[in-house]
Amino acid sequence: MRRALVTGASSGIGEATARCLAERGYRVALLARRAERLAEVLDSLPGAGHLALRADVADEGQLAEAFETLAREFGGLELVVNNAGAGYRARVGELDVELVNRTLATNVTGPLLVARAALPLLRRGERPVLVNVASVVGRRGIPGQSVYSASKAALVSIGEALRLEWAREGIAVCTLSPGLTSTGFFDAQPNPARLADPDLARSDSARAVAEEVVALDVRPRAERVLRAKWRWLGVLSALAPRFADRMLAKRIGGDW
Ligand SMILES: NC(=O)c1ccc[n+]([C@@H]2O[C@H](COP(=O)([O-])OP(=O)(O)OC[C@H]3O[C@@H](n4cnc5c(N)ncnc54)[C@H](OP(=O)(O)O)[C@@H]3O)[C@@H](O)[C@H]2O)c1
């Protein structure tokens, strides 16, 4: 039985990933801040021996307590899914420094702290894998989401560094970059200027992203981008930035 930790498992992609893994016989530890939501998800999972851990990924003390429980209950880990994350929509001219810091703490410091705390458990695991859930905007910044884009660019970079740091440990490190996904993500994020919501009509389901996480555990890959167009936009942004800007503005609409 493979043992997995999924952060941000109280809703959306994390919840779907926890369910997908439990359906395939994994023993799953769910980590997030909302204890009641975690308890509901835990109760709904098939299989036995799962665990709910209440912690803020950016809080070192809470994370240390959660990992103490995890080490006691699971002993080791085969898979860590660094999925917890938060958005923040605002133009740069209107940024609130507290929200900037909170977004970066959740999306950058959090995954680093989780990776650090998980390392001793992954060392005890069989064929261990870390999956960082980044975003297509980590390779191409978008207007109105500069802080979020920057945080995901940092996570892509962390994945590149960790891939080499942990190669000798035999721990595979994968960066998964979903495109627009139908979850409560955009409703949950601060958006004081009420910038327009993206059109979720052509988005992926949380389940589809979860299946990709499972596929990465079966066959780890350095990078998996779920929307090929965004991958090419990232390449184009490096080669011909102004042309890429025009294509992006057309693609996302709004008044950019
Ligand atoms: N939806 C999209 O279009 C999309 C696209 C690309 C990438 N992503 C990424 O996918 C991941 C999951 O997002 P989602 O779409 O599933 O949104 P979501 O439903 O809002 O899920 C976010 C999860 O992260 C948890 N979380 C947030 N801040 C946390 C913190 N400080 N400590 C611990 N847990 C925290 C939330 O739980 P609590 O509130 O209970 O803590 C929740 O379980 C994120 O990293 C996001 O950036 C999303």
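Please refer to the structure placed before this passage.
Here we summarise the structure given alongside this text. Given the structure is predicted, the values throughout are model-derived calculations rather than measurements.

Each value, and the rule that gives it
- Residues numbered from 1 in each chain as written.
- Predicted model: local features only at pLDDT ≥ 70, side-chain atom pairs only at ≥ 80, totals over all residues.
- Heavy atoms only, no water.
- Helix = DSSP H or I, 4+ residues; strand = E, 2+ residues; numbered from the N terminus.
- Contact = heavy atoms within 4.5 Å.
- Near = heavy atom within 4 Å.
- Polar contact = N/O pair within 3.5 Å; in protein donor to acceptor, adjacent residues only side chain to side chain.
- Nonpolar A, V, L, I, M, F, W, Y, C, P; charged D, E, K, R; others polar.
- Salt bridge = Lys/Arg side-chain N within 4 Å of Asp/Glu carboxyl O.
- Buried < 20%, exposed > 50% of the residue type's maximum accessible area, 1.4 Å probe, protein only.
- Axes fitted to C-alpha atoms, helices over the stretch in contact; angles between N-to-C directions.
- Parallel < 35°, antiparallel > 145°, perpendicular 65-115°, else oblique.
- Left-handed = near helix turned anticlockwise from the far one by under 90°.
- Pairing = 2+ DSSP bridges.
- Core = buried A, V, L, I, M, F, W, Y, C linked by side-chain atoms within 4.5 Å.
- Phe/Tyr/Trp six-rings, centres within 6.5 Å; stacked < 30°, edge-to-face > 60°.

1. What about the side chain of Thr17?
And step 1. Within the secondary structure, Thr17 sits in helix H1 (residues 12–23).
And step 2. Apart from residues lying up to four places away in sequence, Thr17 is in contact with Val6, Val81, Ala210 and Val213.

2. Some points on the site of the ligand
And step 1. Around the ligand sit 28 residues, and of these Ile13, Arg33, Asn83, Tyr148 and Thr183 come closest.
And step 2. Here Thr181 contributes a backbone N or O atom positioned 2.8 Å from an oxygen atom of the ligand.
And step 3. Of all the secondary-structure elements, those providing two or more residues to the shell around the ligand are H1, helix H5 (146–165) and helix H6 (185–188).
And step 4. The residue makeup of the shell around the ligand, split by class, is 13 nonpolar, 11 polar and four charged.

3. Description of the pattern of salt bridges
And step 1. Scanning the entire structure with this criterion turns up 18 salt bridges.
And step 2. Its salt-bridge partner being Glu23, residue Arg207 comes within 2.8 Å of it at the nearest N-O pair. You can see Arg207 sitting in helix H7 (residues 206–218) and its partner Glu23 sitting in helix H1, a full 184 residues away along the chain.
And step 3. Accessibility expressed as a relative area gives 32% for Arg207, which makes it partly exposed.

4. What about the packing of H1 against H7?
And step 1. With their axes 8 Å apart at the nearest point, H1 and H7 run at an angle of 55 degrees to one another. In terms of axis orientation, H1 runs oblique to H7. When the axes of H1 and H7 are compared, the crossing they make is right-handed. Residues Gly12, Ile13, Ala16, Thr17, Cys20, Leu21 and Glu23 of H1 touch H7, and the partners they reach there are Ala206, Arg207, Val209, Ala210, Glu211, Val213 and Val214.
And step 2. Across the contact of H1 with H7, the residue classes break down as nine nonpolar, two polar and three charged.

5. Looking at the sheet that holds strand E9 (residues 223–225)
And step 1. If you walk across this open sheet you meet the seven strands as E3-E2-E1-E4-E5-E6-E9, and the pairing is parallel. Both outer strands of the open sheet, strand E3 (51–54) and E9, are each paired with one neighbouring strand and no more. If you compare each strand with its neighbour and ignore which way they point, the axes differ by 15 degrees on average.
And step 2. Helix H2 (residues 35–44) contacts strand E2 (27–32) and E3 of the sheet and is inclined by roughly 170 degrees relative to E3.

6. Considerations on the nonpolar core
One broad trend across soluble globular proteins is that nonpolar side chains are buried collectively.
And step 1. In this structure, Leu5, Leu70 and Trp166 are the most contacted members of the largest nonpolar core, which totals 32 residues.
And step 2. Those elements that place two or more of their residues in this core are E2, E3, helix H3 (60–74), helix H4 (97–123) and H5.
And step 3. Here this core takes eight residues from H4, the largest share from any one element.
And step 4. Residue contacts for Trp166: discarding those within four places in its chain leaves Ala115, Leu119, Leu122, Leu130, Ile171 and Val173.
And step 5. With 30 residues, the next largest nonpolar core counts Val6, Leu79, Ala210 and Val213 among its residues.

7. Thoughts on the packing of aromatic side chains
And step 1. Summed over the entire model, instances satisfying the criterion amount to two aromatic pairs.
And step 2. Here a set of aromatic residues connected by ring pairs shows up, and it is made of Tyr148, Phe185 and Phe186.

8. Thoughts on the environment of Asp43
And step 1. Mapped onto the elements, Asp43 comes out in helix H2.
And step 2. Spatially, the C-alpha atom of Asp43 lies 26 Å from that of Gly110, the residues being 67 residues apart in sequence.

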